[in-house]
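Structural characterization, general
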Amino acid sequence: MGRVRTFDRLFAEAAPLIQQGLHERESPPADGGRWPVSIMLRPDQASAERLEEIMAAVEQLAGARHFRTGTVGSVHFTVRVLERYREEVGEQDEAVQRYARAMSRAALQVGAIELELVGITLAPGSVMVCAHPVDDNADRFMDLLKDELGDDAWREAEFTRDIWYANLLHFAADIAAPSELIEWVAQHRRLDLGRVVMDTAELVRFRYEDGVRGRLMRPEVLASVRIGSSVPIG
């Protein structure tokens, strides 16, 4: 029930901001800012395709030039943000290697992560898919990561993730039809989008793209591990 209340609160906070054009707006990442190296989970192909279809419906009302974070290949559930954005970061980075080892140790101690996708909500800067864990694996993995990261858990030391969600669209421009978007999301607050089972954790950095597919934040995998195993993939 706590998660439901949080999603309700986000909708209540976001709706008047969107109506008045005061919503948050993303901009391309810059050193020291958002979209840093993170640990995330990606839905299976069928689930990702369903979520992209929902994103397309949202775009019809939100308009163009927003970040299309619900596309197949980009849509994800963030488990933990690890630092601030760095343009120059790769697999051989010392911190990245520490993060990867901590992720592997945490992944060994849990089973596959299952989430029920239970509806859509608004946030001040995005449209979200709301998810509820099926069992305690999701929250245990999050807690284990904090423990295994140790001092490297500093970035979210004062922040508690108490909901699971995937962003479909990050607002980055004016919203074309704010009233209609609010109403559409309100009608889909309890939309059943099925269950996702995720057995791979990924350590990623994000690359901003602005091309024929629109504005994207594309995850670039730095390391990945099978959940329930400490053996890296690849």
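Let us look at the structure shown here. The shown structure was predicted, so the numbers you read here are calculated from the model rather than taken from an experiment.

So, the sheet that holds strand β5 (residues 164-170)
Pairing in this open sheet of four strands is antiparallel, and the strands run β5-β4-β3-β6 from one edge to the other. Edge strands, defined here as strands with exactly one partner in the open sheet, are β5 and β6 (194-198). On average, each strand axis in the sheet is inclined to that of its neighbour by 35°, with strand direction left out of account. Sitting on the sheet, helix α2 (residues 45-62) is in contact with β3 (113-123), β4 (126-133), β5 and β6, with an inclination near 45° to β5.

Structural notes on the pattern of salt bridges
A full pass over the atoms with the stated rule returns 20 salt bridges. One salt bridge in this structure joins arginine 189 and aspartate 8, with 2.8 Å as the shortest N-O distance. Of this pair, arginine 189 sits in the loop between α5 (178-187) and β6 while aspartate 8 sits in helix α1 (residues 2-19), and the two are 181 residues apart along the sequence. For arginine 189, a relative accessible area of 12% translates into the label buried.

Regarding helix α4 (residues 137-149)
Spanning 13 residues, α4 covers 18 Å between terminal C-alpha atoms, matching the ideal 18 Å at 1.5 Å per step. Those residues of α4 that fall on the buried side of the exposure criterion are Asn137, Ala138, Phe141, Met142, Leu144, Leu145 and Leu149. Each buried residue of α4 sits inside an arc of 165° when the element is viewed along its axis, so together they form one side.

Observations regarding the sheet that holds strand β8 (residues 214-226)
Taking strand neighbours across the sheet as the criterion, the four strands line up as β2-β1-β7-β8 in an open arrangement whose pairing is antiparallel. Here the strands that pair on one side only, and so sit at the sheet edges, are β2 (77-81) and β8. For this sheet the average axis-to-axis angle between neighbouring strands, irrespective of direction, equals 40°. Here four bridges tie strand β1 (residues 38-41) to β2, and the two strands are oriented antiparallel to one another. Paired with methionine 40 across the strands is threonine 78, a residue of β2. Contacts between helix α3 (residues 94-107) and the sheet are confined to β1, β7 (200-211) and β8, with β8 contributing the most and set at about 65° to the helix. Its contacts with the sheet place α4 against β1, β2 and β7, and it is angled at close to 25° to β2.

What counts, and at which threshold
Residues numbered from 1 in each chain as written. Predicted model: local features only at pLDDT ≥ 70, side-chain atom pairs only at ≥ 80, totals over all residues. Heavy atoms only, no water. Pairing = 2+ DSSP bridges. Helix = DSSP H or I, 4+ residues; strand = E, 2+ residues; numbered from the N terminus. Axes fitted to C-alpha atoms, helices over the stretch in contact; angles between N-to-C directions. Contact = heavy atoms within 4.5 Å. Salt bridge = Lys/Arg side-chain N within 4 Å of Asp/Glu carboxyl O. Buried < 20%, exposed > 50% of the residue type's maximum accessible area, 1.4 Å probe, protein only. Expected span 1.5 Å × (residues − 1). Arc of directions from axis to C-beta.

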